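Descriptive structure summary
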Amino acid sequence: MISIAAFSDLVTLTRASGGTNWDANGVLKTAAIDTPRFDHDPVTGEARGLLVEAASTNLLVQSNNIAAGGWSEATTSGPVEQGRYLQADVAEAPDGTITATKIVESTDLDEQRIFKAVSVVDGARYTFSKVLKAGERTEVQLRTTGRVGPVFDLLAGTMNATSSAMDDQGIMSWGDGWYRCWFTTTPNGTTDVPQTVLISGGASSYQGDGLSGLFAWGAQYEPGWGPTSLIVTGASALTRAADNVVYAGDPAALGLTQGYTLLGVGRAPRRSDPDGS
């Protein structure tokens, strides 16, 4: 016999913080404390089930306002500058708000990049991800201290070049031309410097025009292997608490007395670390 019951009749979910997930219309939503997150594919709207994740911390402040997040622009021949080439609130972000930042190249003949230092645990794995959309520039590279990372094509939604220096890397569509690009790395030392580098004609160093660029949102740098759901930060780093799911129903209330199996649908998007850590 097959019996069907409401989720709330069988399962209790607790989470000591909010959390994000995709709704059926492809809009990124924030669920309140202790609220289940029923996730969907951001492109097709297909239901992906209950989102259950371990705790994770986004170490990058102002995740959805790149222009206010303390990112610096620099060239190898010039001084470090902050905010000059970051235009805030110029495009619609995946959550439907006008909060995306445009990264604009300088007029220098050099690398066009932004960077930000974060404190890390020496020898631990971390994942850097950023949600990006093509503008006049359609290719971008993510890097970190001493490691040249993958190059992403934001029109095709592909990686043009992978990096053997990274533990893992990938790109996933978030709809409407937005892509979440990411890599996992193992820093050496207690400071890491994730970077976003504009690419033109296959080159990372070129003569900028002071106008062209691409759009950025949803910056995340977190411990562990692979990106988790977006953790929206403000002026400080933020931890998304773990989802704790406990079966709390009464099988007898469903007419189940013996020999039964309870079936549910859920997903945990973060892949397991191959070495088990």
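Data block above holds the structure.
Summary of the structure given here. Since the model is a prediction, treat every value here as computed from it, not as a measurement.

What counts and what doesn't
- The residue numbers shown here count from 1 along each chain, following its written sequence.
- Two thresholds apply to this predicted model, a pLDDT of at least 70 for residue-level local features and 80 or more for giving and counting side-chain atom pairs, whereas whole-chain, interface and lining totals are computed over all residues.
- In computing side-chain properties, one takes all heavy atoms of the structure into account and sets aside hydrogens as well as water.
- Think of it in three bands: with a 1.4 Å probe and only protein chains considered, a residue is buried below 20% of the maximum accessible area for its type, exposed above 50%, and partly exposed in between.
- A run of H or I in DSSP becomes a helix once it reaches four residues, and a run of E becomes a strand once it reaches two; helices and strands are each numbered from the N terminus.
- DSSP calls a pair of strands paired once it identifies at least 2 bridges connecting them.
- Throughout this description, the term nonpolar core refers to a set of buried Ala, Val, Leu, Ile, Met, Phe, Trp, Tyr and Cys residues connected via side-chain atoms within 4.5 Å.
- Should any heavy atoms of two residues lie within 4.5 Å, those residues are considered in contact.
- A pair of Phe, Tyr and Trp rings is counted when the ring centres sit within 6.5 Å of each other, with Trp represented by its six-membered ring. The angle between the planes then sorts it: under 30 degrees is stacked, over 60 is edge-to-face, the rest tilted.
- Only Lys NZ and Arg CZ are tested; either one counts as a charge over a ring when it is within 6 Å of the ring centre and within 35 degrees of the ring normal.
- Each axis is a line fitted through C-alpha atoms, taken for helices only over the stretch in contact, and angles between the N-to-C directions span 0 to 180 degrees.

Concerning the pairing of strand β23 (residues 213-223)
Burial of β23 is extensive: 10 of the 11 residues sit out of reach of the surface. Bridge count between strand β14 (residues 126-133) and β23: 7 bridges; the pairing is antiparallel. Within the sheet, the bridge partner assigned to Ser 129 lies in β23 and is Gln 220.

Some thoughts on the nonpolar core
Residues Trp 71, Leu 132 and Leu 154 are the most contacted members of the largest nonpolar core, which totals 26 residues. Contributing elements (two or more residues each) for this core: β14, β15 (139-143), β19 (178-185) and β23. Not counting chain neighbours up to four residues away, the residues in contact with Leu 154 comprise Leu 132, Lys 133, Ala 134, Thr 138, Val 140, Gly 177, Tyr 179, Cys 181 and Leu 214. Ranked by size, the runner-up nonpolar core spans 11 residues in total, among them Trp 22, Ala 91, Phe 215 and Trp 217.

Details of the packing of aromatic side chains
With the rule as written, the count across this model stands at 5 aromatic pairs. Ring centres of Phe 128 and Phe 183 lie 5.6 Å apart, and the angle between their planes is 70 degrees; this geometry places the pair in the edge-to-face category. Of this pair, Phe 128 sits in strand β14 while Phe 183 is found in strand β19, placing the two residues 55 residues apart along the sequence. For Phe 183, a relative accessible area of 0% translates into the label buried. A centroid spacing of 6.4 Å and a plane angle of 40 degrees characterise the contact between Phe 128 and Tyr 221, whose relative ring orientation is tilted. Residue Phe 128 is located in strand β14, and its partner Tyr 221 is located in strand β23; the two are separated by 93 residues in the primary sequence. Pair check on accessibility: Phe 128 and Tyr 221 agree, each one buried. Geometry around Trp 71 places Lys 130 over its ring, the cationic atom sitting 3.6 Å from the centre.

Points about the sheet that holds β23
Overall, antiparallel pairing links the 6 strands, which are arranged β9-β10-β23-β14-β19-β18 in an open sheet. Taken across any chain shown, the strands that pair with only one partner, and hence form the sheet edges, are β9 (86-91) and β18 (168-175). Going across the sheet, the axis of each strand differs from the next one's by a mean of 35 degrees, ignoring polarity.

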